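Observations on the three-dimensional arrangement
Each chain, letter by letter, is given below.
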Amino acid sequence: LQGIFVLGLPYALLHSGYSGLLLIVLAAALCCYTGKILIACLYEENEDGQLIRVRDKYEDIANACCKKLSPNLGGIVVNVTQVVELIMTCILYLVVSGNLLSHSFPYVPVTEKTWSVIAFVTLLPCIFIRTLKIVSKLSQLCSLVHFVIIFVVITYCLTQMHQWSWAKFRLSLEFEDFLVSVGVIIFSYTSQIFLPTLEGNMKNPGEFRCMLNWTHFFACILKTTFALTAFLTWGEKTKEVITDNLPSFLETLVNLCLLTKALLSYPLPFFAATEIVYSCISEDSHSNYRSPLLALTLRGSFLLLTLLMAMFTPHFALLMGLSGSVTGAAMTFLLPSLFHLKLKWKKLSFLEKCADISVFILGFLCSLAGIVCSIKGLLEVFG
C-alpha cells in the first residue's frame, strides 16, 4: 500500500507546494517517533533497572492501559481496528489489480471486476501460508519490484530535466486539496501495525531503534527525490497516479510492475488479519480447537470476503478514505502516543510528555479532517 501511496506523492506536491516537501520530512520523523514509543510500551524495568519485554503485541499494550476498566477492552478495540484496516487494505489491492489489468489490456473485452476475479485466482495459494517467513520472502520481492518502478519513473524524469522549473510550485493553497495531500503523505509511512511482531522476530531487538531511524531516513530521501523529480517534470499536468503521465510504452510496463507489486503485497495484511482473528478464537476456546482445519477455513473465508467486497462495494475508494482516516490515524498517531503517556507517565520528561500530547492532537486533527472530507465526498456521490 505504501508503494501505491508513493505514486500519489507528486500529485500531493501539486496541491501542497513547498509545504509538501516539509510534510514529507515531518511525516517521516513523526512516524519514526510513534514507532519507537509503541515499542517502548512493550518493555518494563525489572528490579535491577533492566528493560524486560513483558508484552508481545499491540493488543497486550492496549489491555495493559485499559485493565482498570476491563481486562480485555483495549485489546478488543485494537484488534477490531487492526482487522478492519488490514482487510480494507487487502480489498484495495484487489480493486487496484483489476484497474491495472483493465488499463494494461484495454482491447480485451473484459470488465474491471472480471479482471479483479482473475487477480483473485492468483491469490488462492495465500490460504496455505502458515508462517511469516514465507510472507517476508514475498515482501522482499515486492520491495524489489517497487524499486524497479521508482527507477523507471525517475530515469524518465531525468531525461526531461531541460524543462524543469521551480516556478511550477504553488504558493497559494486550497484547504481541502491540502488535506488530501496531508493524508497521502502521512499514510505513505505507516507501518505501526507490524512493528511489535517485527521487533519480536529480530535476531537483535536492540538494533530496532537504529533500524527504524535509517529506514525512515532513506524512505524520506527516496520519496522526496521521487516526488520532486516527477512534479518538476509534469507540473500542473501531474495526475493522481504519476504512472498515468508516462508515455504509453512505459505506462504499460510500469502498470504490470504495479500489478505484480499489488499481488505480492496482498499476503502480508492478509496473513496479519487472519492471525489476529485466529489467535482470538483459539484463546476463547479449548486448546484442541486450535486446528489446521480451522486456520484453513478462516483464511478461505477472509479471502472470499475480500473478493466479494471488492466486487460489490460501491465507491470503495471513498469508504477506504473514511475507514483509513479513523483506523490509520488511530493506529499510527493516537494510540501509540496515548499508550505511551499512560504506561510511562512517571518516567517521561516534560518535553517527552509535550511531544506525545502534540502527536496525539495532530493525529486527532488529521483524522477529523479526513473523516469530514470523506463524508463530504460520499454525500456528493449519493447526492
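Look up: the structure comes first, before these words.
This report concerns the structure included in the present document. (Residues numbered from 1 in each chain as written. Predicted model: local features only at pLDDT ≥ 70, side-chain atom pairs only at ≥ 80, totals over all residues. Heavy atoms only, no water.)

**What to know about a nonpolar patch on the surface**
Taken together, the side chains of I357, I361, F364, L365, L368 and V372 present a nonpolar region at the surface, about 540 Å² in accessible area. Relative to the helices and strands, F364 resides in helix α15 (residues 350-382). Taking the relative accessible area as the measure of exposure, F364 reaches 46% and is therefore partly exposed. (Patch = residues over 30% accessible without salt bridge, like charges linked within 9 Å, V, L, I, M, F, W, Y side chains within 5 Å. Areas by Shrake-Rupley, 256 points an atom, 1.4 Å probe, with all protein chains shown as cover. Salt bridge = Lys/Arg side-chain N within 4 Å of Asp/Glu carboxyl O. Helix = DSSP H or I, 4+ residues; strand = E, 2+ residues; numbered from the N terminus. Buried < 20%, exposed > 50% of the residue type's maximum accessible area, 1.4 Å probe, protein only.)

**Some remarks on the layout of surface pockets**
Computed from the structure, the second largest pocket encloses a volume of approximately 500 Å³. Lining of the second largest pocket is provided by 19 residues; of these, K36, I39, A40, L51 and R209 occupy positions nearest its centre. Mapped by element, the contributors of at least two residues to the lining of the second largest pocket are α3 (18-40), β1 (43-45), α10 (208-234) and α14 (316-344). A per-class count over the lining of the second largest pocket returns nine nonpolar, two polar and eight charged. (1 Å grid on protein atoms, 1.4 Å probe; cavity = no way out; pocket = protein on both sides within 12 Å on 5 of 7 lines; lining within 4 Å. Points joined across faces, edges and corners; volume = space filled by probe spheres on them. Nonpolar A, V, L, I, M, F, W, Y, C, P; charged D, E, K, R; others polar.)

**Here we look at the nonpolar core**
One finds L94, F226, Y266, F302 and F339 to be the most contacted residues of the largest nonpolar core, which totals 102 residues. In terms of residue count, helix α5 (residues 73-104) provides more of this core than any other element does, 13 residues in total. Apart from the residues lying within four places of it in its own chain, the contact partners of F226 are V6, L7, P10, I150, V153, I154 and I242. (Core = buried A, V, L, I, M, F, W, Y, C linked by side-chain atoms within 4.5 Å. Contact = heavy atoms within 4.5 Å.)

**Structural notes on the side chain of T306**
Within the secondary structure, T306 sits in helix α13 (residues 292-312). The buried category is assigned to T306, whose relative accessible area is 0%. Residues within four places of T306 in sequence aside, it is in contact with I87, C90, I91, L94 and Y266.

**Concerning the environment of F217**
Within the secondary structure, F217 sits in helix α10. Here F217 falls in the partly exposed class, since its relative accessible area comes to 43%. Separated by 124 residues in sequence, F217 and Y93 have C-alpha atoms that sit 27 Å apart.

**A closer look at the packing of aromatic side chains**
Following the criterion strictly, the structure yields seven aromatic pairs and no others. Note on Y156 and W234: the rings are 5.9 Å apart at their centroids and 15° apart in plane angle, and the pair reads as stacked. With a gap of 78 residues between them, Y156 in helix α7 (residues 132-158) and W234 in helix α10 connect regions that are remote in the sequence. Between W214 and F218 the ring centres are 5.6 Å apart and the planes differ by 25°, which places this aromatic pair in the stacked class. Linking W214 with F218, this pair stays in helix α10, spanning four residues, or about one helical turn. We classify W214 as partly exposed; its relative accessible area is 47%. What links up through ring pairs into an aromatic cluster is the set W214, F217 and F218. One Lys or Arg, K223, reaches over the ring of Y189 and ends 3.8 Å from the middle of that ring. Geometry around W345 places K353 over its ring, the cationic atom sitting 4.0 Å from the centre. (Phe/Tyr/Trp six-rings, centres within 6.5 Å; stacked < 30°, edge-to-face > 60°. Lys NZ or Arg CZ within 6 Å of the ring centre and 35° of its normal.)

**Some details on helix α6 (residues 112-122)**
Residues that lie three or four places apart on an α-helix share one face, since the helix turns once every 3.6 residues. Of the residues making up α6, those classed as buried are W115, S116, A119 and F120. Looking straight down α6, one finds its buried side chains confined to an arc of 150°; they lie on one side. Residues of α6 that are buried make contact with α5, α11 (248-265) and α13. (Arc of directions from axis to C-beta.)

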